[in-house]
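Breakdown of the fold
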Amino acid sequence: MEIPYTVKARPDTGLWNAKVGIWLFLASEVMLFGGLFSAYIFLRLGSWHWPHGVLNIPIGLFNTFVLITSSVTMVFAWASLKMRNLHKFEWFLGITILCGFIFLGIKSYEYYEKFHHYGLIFKNEAVANRYRAEVEAAGGQIKPSIIEGQYEVTGHIEEMDEETMKFIPDSIHSSEPMVQIVSVLQTITGKKTEHGEAVVFQQDDIYRWGPFVPRYSSYFAIYFTLTALHALHVIGGMVVMAYFWIPGRKLYHADPEHFTNRVEVVGLFWHFVDLVWIFLFPVLYLL
């Protein structure tokens, strides 16, 4: 038995089955991400202090550009099929998949950076002030902590024992452009600069410390939840596109209209993934 409206649209709705299905699916996705964005708003409103400048804005902006480019090439791939040009379709879809890999590669670097970046919270402000001059001389800053009334410094642990911690402060919370550049160079090269001297803290002066992972703060918990879920959607879209790029394209030779409709459905999903990131970037990186 042949299933109706898999290729041709229903006369009353003007839609074929898969298109109805993808719009219903995307509606459920809007509710999913809408719930998470709501959680973000409530977490932020409930926090007396919300960190700024802990994410690399140029990298996030570049990733935004990569995803927007992939949306454009996805449209070109679909348009190529409408013009019955399979060769161009393969090129544009290949570029789209490549953009997906670039996005995930950059996102992996950002995750790696967070897993190896530490925050250290002093027991009280008086203790923090004891180290303030030395930390600022090393290129870092002591800022209000996620814990009310306490102060933290960020950077990398060089070495530690039971009594002391040798810590290289950085300017990840700083708004001073030059110090930020120094910090980025230090991250990329792995070498100390004149601002990258280590400061020795006494373990007894430290209230808590840890890497920038979800358990460190509500900010990183919602950051990893939103971006990891988005990355899973990117991977899912790439898997489907890779299928239509190589093994699935044989459908084009049997029924080009059916194949074009399927690619259009994938394209709608990919545009949704891009749209989610366009919301994520300002919310997590800029605000």
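Turning our eyes to something else, we now look at the overall build of the protein chain. In terms of helices and strands, the protein chain carries eight helices and six strands. A compact globule built from 287 residues would reach a C-alpha radius of gyration of about 19 Å, whereas the protein chain, at 24 Å, exceeds it by more than 25%. Dimensions of the protein chain, computed from the C-alpha atoms along their principal axes, are close to 80 × 40 × 30 Å. By residue count, 46% of the 287 residues in the protein chain fall in the buried class. Treating the 21 positive side-chain charges of the protein chain as one cloud and the 26 negative ones as another, the clouds have centres 11 Å apart.

Let us now look at the pairing of strand β5 (residues 199–202). Judged by which residues are buried, β5 turns out to be one-sided: Val 199 and Phe 201 face inward and are buried, whereas Val 200 and Gln 202, on the alternate face, are not. Direction of pairing for strand β4 (residues 164–169) relative to β5: antiparallel, over a ladder of four bridges. By the bridge assignment for β5, Thr 164 is matched with Gln 202.

Moving on: the packing of helix α3 (residues 86–115) against helix α6 (residues 218–245). Two quantities define a packed helix pair, namely the angle between the helix axes and the distance between the axes. Here α3 crosses α6 at 155°, and the two axes come no closer than 10 Å. Of the possible angle classes, the one that applies to α3 and α6 is roughly antiparallel. Crossing geometry of α3 relative to α6 is assigned as left-handed. By residue class, the composition of the contact of α3 with α6 is 20 nonpolar, five polar and four charged.

To continue, consider the environment of Lys 166. Locating Lys 166 in the fold gives a position in strand β4. Look past the residues within four positions of Lys 166 in its chain and what remains in contact with it is His 156, Ile 157, Glu 158, Glu 159, Ala 198, Val 199 and Val 200.

Now for the environment of Pro 4. With respect to the helices and strands, the residue Pro 4 is situated in the segment before α1 (17–45). In this structure Pro 4 comes out as partly exposed when scored by relative accessible area, which is 46%. Spatially, the C-alpha atoms of Pro 4 and Asn 17 are 8.3 Å apart, while their sequence positions differ by 13 residues.

The next point concerns a negative patch on the surface. A cluster of like negative charges, contributed by Glu 159, Asp 161, Glu 162, Glu 163 and Asp 204, occupies part of the molecular surface. Among the structural elements, Asp 161 can be located in the loop between β3 (151–160) and β4. Among the residues examined, Asp 161 registers a relative accessible area of 44% and is labelled partly exposed.

About the criteria used
Residues numbered from 1 in each chain as written. Predicted model: local features only at pLDDT ≥ 70, side-chain atom pairs only at ≥ 80, totals over all residues. Heavy atoms only, no water. Helix = DSSP H or I, 4+ residues; strand = E, 2+ residues; numbered from the N terminus. Rg over C-alpha atoms; globule rule 2.2 N^0.38 Å. Buried < 20%, exposed > 50% of the residue type's maximum accessible area, 1.4 Å probe, protein only. Lys, Arg positive; Asp, Glu negative; His and termini not counted. Charge placed at Lys NZ, Arg CZ, Asp CG, Glu CD. Pairing = 2+ DSSP bridges. Axes fitted to C-alpha atoms, helices over the stretch in contact; angles between N-to-C directions. Parallel < 35°, antiparallel > 145°, perpendicular 65-115°, else oblique. Left-handed = near helix turned anticlockwise from the far one by under 90°. Nonpolar A, V, L, I, M, F, W, Y, C, P; charged D, E, K, R; others polar. Contact = heavy atoms within 4.5 Å. Patch = residues over 30% accessible without salt bridge, like charges linked within 9 Å, V, L, I, M, F, W, Y side chains within 5 Å. Areas by Shrake-Rupley, 256 points an atom, 1.4 Å probe, with all protein chains shown as cover. Salt bridge = Lys/Arg side-chain N within 4 Å of Asp/Glu carboxyl O.

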